[in-house]
Amino acid sequence: MQIQFTINGKSQSVDVDGKTPLLWVVRDVLNLKGTKFGCGKAACGACTLHVDGEAVRSCSYPIKFAEGKKITTIEGLGEGDNLHSVQQAWKEEIVPQCGYCQPGFMMATAALLEKIPNPTDEDIDNNIVNICRCATYYRMRKAIHRAAEINGAT
Amino acid sequence: MRNKYFILIMSLIVGIVLGFTYASSDTHTNDTTTPRNNHTTTQENDPFDKMMQVLTHKRCVNCHPAGDRPRQGEDSHYHNFGVQRGKDNHGVAALRCESCHHEENNEYSGVPGAPEWSLAPLAMQWEGLSRVEIAESMLDRKRNGNRSLEQIVEHLTEHELVLWAWEPGVDSEGNPREAPPVPKDEYIAAVKEWAESGAVIPKE
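From a predicted model like this one, the values you see are computed outputs, not experimental measurements.

**Looking at the domain arrangement of chain A**
How big an interface is tends to be reported as the loss of accessible area on association of its parts. All names here are of chain A. Annotation of chain A at the domain level lists domain 1 (2–77) and domain 2 (85–150). Look at where the C-alpha atoms of domain 1 and domain 2 centre, and you get two points 21 Å apart. In this assembly, 16 residues from domain 1 lie in contact with 14 residues from domain 2. Those elements that provide at least two residues to the side of domain 1 that touches domain 2 are β3 (48–51), β4 (54–57) and α2 (74–77). Per element, the largest residue contribution to the side of domain 1 that touches domain 2 is 3 residues, and it comes from β3. Per-class residue counts for the side of domain 1 that touches domain 2 are 7 nonpolar, 7 polar and 2 charged.

Now the structure itself:
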């Protein structure tokens, strides 16, 4: 089926089975490799991106539901010299170890800061529940507070 | 000989007493993950009984929890990842029900889905209630969202999220979820019969 949506600000149309996970469309059809496959069961959060500004686990999101929606991936959050405050904070705090799960964490964090600009540690615990096998949680917590600071929320 | 008879009779009496004691303690097991007193009414084909076999099933109660944490699975464990109710019963800022659950079951990931997937409001908690208490809660306008009996019947028999219970899909391991023990058409007929006959709640 033909599905139209906006991705990272650009209009896009794909012709795929409606049940195809959004993650596969993003990675294999649109060649945006920043969003990662982790578990395929909406459990780890590595595939998190934004659909109409909400954090969504794209491995469990049938592409047919994307019709007419605005999708943002880690590439659309910011790149090169134009980094999002979350990406900037991630760099400053040297958060990643292997790095595989980090795009998902950054997308979840960006969604959190849109609604809670200056989150407490409890807010972070309640909202950012992705899984990092390198256990970079401590540095991520610092980076989330730093991103809030960069945004001028503190 | 007389002593043998005496010992035999005494053994029987002791056995009967112990049997009653064990059975009595067994029925008082308190499992807070499922509604208690599930068998207040056992009359065959009683519409209240049929309705309540469904409403006390995990497919309903997991999302009518007592407190701010949904339950999931056949054992009604707390929802993984510390998922919380949130102000609108749809989760918190970056961890919404819609982050994972959509309008239909996902056969690849095993994530269940139906339109309006969310928790029942806290006032409509059923976890830990008896059948009678659930029925009283349903008919109490202060706790049921100010619904009339007609609206309650509509919710129970037509709401897609409620009827999802009979098409619950597969879990993350690909195993089919358990459906309620009463067929959907029999349940719908029972709810309507119970309401049309006065929505009588039996005594505990």
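**Some details on unusual backbone geometry**
All names here are of chain B. Even without being a glycine, Phe81 presents a positive backbone phi close to 70°. The exposure class of Phe81 is partly exposed, given the 16 C-beta atoms found within 10 Å. Of note in the backbone geometry, Asn146 takes a positive phi value of approximately 60° without being a glycine. Locating Asn146 in the fold gives a position in the loop between α4 (131–139) and α5 (149–158).

Cut-offs applied
Residues numbered from 1 in each chain as written. Chains lettered and ligands numbered in written order. Predicted model: local features only at pLDDT ≥ 70, side-chain atom pairs only at ≥ 80, totals over all residues. Domains from an automatic or database assignment. Contact = placed C-beta atoms within 7 Å. Helix = DSSP H or I, 4+ residues; strand = E, 2+ residues; numbered from the N terminus. Nonpolar A, V, L, I, M, F, W, Y, C, P; charged D, E, K, R; others polar. Buried ≥ 20, exposed ≤ 12 C-beta atoms within 10 Å, placed from the backbone.

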